[in-house]
Amino acid sequence: PPLYKQRYQFIKDLVGKYKPKKVADLGCADCTLLWMLKFCSCIEVLAGLDICASIMKEKMHRLSPLPGDYLQPTERSLTVTLHHGSVAHKDPCMLGFDLVTCIELIEHLEQSELKKFPEVVFGFMSPSMVVISTPNSEFNPLLPGVTLFRHSDHKFEWTRAQFQSWALETARHYGYSVEFTGVGHPPKGMENVGFCTQIGVFVRKYPQASEFAQSEKPTEAAYKTVFRAVY
Ligand code: SAM
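Residues numbered from 1 in each chain as written. Predicted model: local features only at pLDDT ≥ 70, side-chain atom pairs only at ≥ 80, totals over all residues. Heavy atoms only, no water.

Student: Please provide a residue-by-residue account of the environment of Asp 98, values included.
Tutor: With respect to the secondary-structure elements, Asp 98 resides in the loop between β3 (79-84) and β4 (99-103). Those residues in contact with Asp 98 that lie beyond four places of it in its chain are Pro 20, Lys 21, Lys 22, Pro 127, Ser 128 and Met 129. One polar contact links the side chain of Asp 98 to the main-chain amide nitrogen of Lys 21, over a distance of 2.9 Å. (Helix = DSSP H or I, 4+ residues; strand = E, 2+ residues; numbered from the N terminus. Contact = heavy atoms within 4.5 Å. Polar contact = N/O pair within 3.5 Å; in protein donor to acceptor, adjacent residues only side chain to side chain.)

Structure (structure tokens):
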């Protein structure tokens, strides 16, 4: 399967394993991952965030309940919400999530946004699990036609050592552990370059003293809600 599907499947498998109830996808683009996750029966709250409202709106009708969802109501409730805003800003609507996914997002961030990102995601949102994927630049020589970056909008592409040192430092600072994996196997004989997409899975080390922590958080909204569906 194409690489983007392997990345989505990786998240689906993780959801199947850990059964998070509340999942937020940052940089959700056309909401394909959110749409796939709405079929996971453990999930009760799904949220998407993107800085580009038009791409989010393109196919968001897929997130609306179908007639069958009303005719055959299930036990679980599901709320899907889309927000327009930046991962460089904090908004209380992103509090209380179990899993936050950032698939092919960080390489699109400007230096100033990337600097704020850990404090927003790990410090403020502080979910039990965070998944971050980004291109592994060591794989690039194997990709036909790639000279500098895989995509013209990428601000950087990291080697495994670069990503891992950023991730380990971030994890250490915010009290998370992190494990590295990836999707997109290199061809036989080239195993030394690693996965095409590198993935860090971060797990919060200590349970949150939630009431205390929440009361300390700012309550001013920074995002604009552009879609909401309640099943
Ligand atoms: N996660 C999706 C996927 O894997 O198919 C889309 C990845 S796309 C390459 C990167 C997305 O991040 C774009 O939709 C872009 O608009 C969004 N993005 C870029 N900077 C952002 C920011 N500061 N805050 C939120 N989203 C941002």
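Student: If you had to explain the packing of aromatic side chains to someone new, which residues and values would you point to?
Tutor: Under the counting rule described, the total for this entry stands at eleven aromatic pairs. Ring-pair connections join several aromatic residues into one group, and the members of that group are Phe 117, Phe 156, Trp 158, Phe 163, Trp 166 and Phe 180. (Phe/Tyr/Trp six-rings, centres within 6.5 Å; stacked < 30°, edge-to-face > 60°.)

Student: Tell me about the side chain of Thr 32, residues and numbers included.
Tutor: Residue placement: Thr 32 occurs in helix α2 (residues 32-37). For Thr 32, a relative accessible area of 15% gives the class buried. Here Asp 30 takes part through its side chain, which lies 2.6 Å from a polar atom of the side chain of Thr 32. When near neighbours in sequence (up to four residues on either side) are disregarded, Thr 32 contacts Tyr 8 and Arg 62. (Buried < 20%, exposed > 50% of the residue type's maximum accessible area, 1.4 Å probe, protein only.)

Student: Summarise the sheet that holds strand β2 (residues 45-50); cite the residues concerned and give the values.
Tutor: Taken in spatial order, the eight strands of this open sheet run β6-β7-β5-β4-β1-β2-β3-β8, and their pairing is mixed. What marks the edges here is a single partner per strand, and that holds for β6 (176-183) and β8 (224-230). Averaged over all neighbouring strand pairs, the angle between strand axes comes to 15 degrees, with direction disregarded. Relative to strand β5 (residues 129-135), β4 is paired through five bridges, and the arrangement is parallel. Across the sheet, residue Leu 99 finds its bridge partner in β5, namely Met 129. Against the sheet, helix α5 (residues 111-125) touches β1 (22-26), β4, β5, β6 and β7 (197-204), its axis set at about 160 degrees to β5. (Pairing = 2+ DSSP bridges. Axes fitted to C-alpha atoms, helices over the stretch in contact; angles between N-to-C directions.)

Student: I'd like to hear about helix α1 (residues 3-18), residue by residue, with values.
Tutor: Given 3.6 residues per helical turn, the α-helix brings residues three or four places apart onto the same face. For α1, spanning 16 residues, the distance from its first C-alpha to its last is 23 Å, which sits close to the expected 22 Å at 1.5 Å a residue. All of the buried residues in α1 are Arg 7, Tyr 8, Phe 10, Ile 11, Leu 14 and Val 15. Looking down the long axis of α1, one finds its buried residues gathered within 145 degrees of arc, a one-sided arrangement. Each element contacted by the buried residues of α1 is listed here: α2, β4, β5, β6 and β7. (Expected span 1.5 Å × (residues − 1). Arc of directions from axis to C-beta.)

Student: If you had to explain the site of the ligand to someone new, which residues and values would you point to?
Tutor: Taken together, 15 residues surround the ligand, and among them Tyr 8, Gly 27, Asp 50, Val 87 and Ile 103 come closest. Note that an oxygen atom of the ligand is positioned 2.6 Å from one of the side-chain N or O atoms of Tyr 8. Within the side chain of Ser 86, one N or O atom sits 3.0 Å away from a nitrogen atom of the ligand. Taken by itself the ligand offers 600 Å² of open surface, and the protein chains cover 84% of this. Counted by class, the shell around the ligand contains eight nonpolar, four polar and three charged residues. (Near = heavy atom within 4 Å. Areas by Shrake-Rupley, 256 points an atom, 1.4 Å probe, with all protein chains shown as cover. Nonpolar A, V, L, I, M, F, W, Y, C, P; charged D, E, K, R; others polar.)

Student: Describe the pattern of salt bridges, listing the residues and the values that go with them.
Tutor: Within the structure shown, the criterion is met by six salt bridges. For Glu 119, the salt bridge identified is with Lys 90, shortest N-O distance 3.3 Å. Placement of the pair is Glu 119 in helix α5 and Lys 90 in the loop between β3 and β4, with a sequence separation of 29 residues. Relative accessible area serves as the criterion here: at 33%, Glu 119 is assigned to the partly exposed category. For Asp 153, the salt bridge identified is with Lys 155, shortest N-O distance 3.1 Å. The exposure class assigned to Asp 153 is partly exposed, which follows from its relative accessible area of 34%. (Salt bridge = Lys/Arg side-chain N within 4 Å of Asp/Glu carboxyl O.)

Student: Describe the pairing of β1, naming the residues involved and giving the relevant values.
Tutor: For β1, the tally of buried residues reaches four of five residues, placing the bulk of the element in the interior. In terms of strand pairing, β1 meets β2 through five bridges, oriented parallel. Paired with Ala 24 across the two strands is Ala 47, which belongs to β2. Note on the crossover from β1 through α2 to β2: the handedness is right-handed. Judged from the three bridges that link them, β1 and β4 form a sheet pairing that is parallel. From the neighbouring strand, Asp 25 faces β4, where its bridge partner is Thr 101. (Right-handed = clockwise from strand over helix to strand, strands pointing away.)

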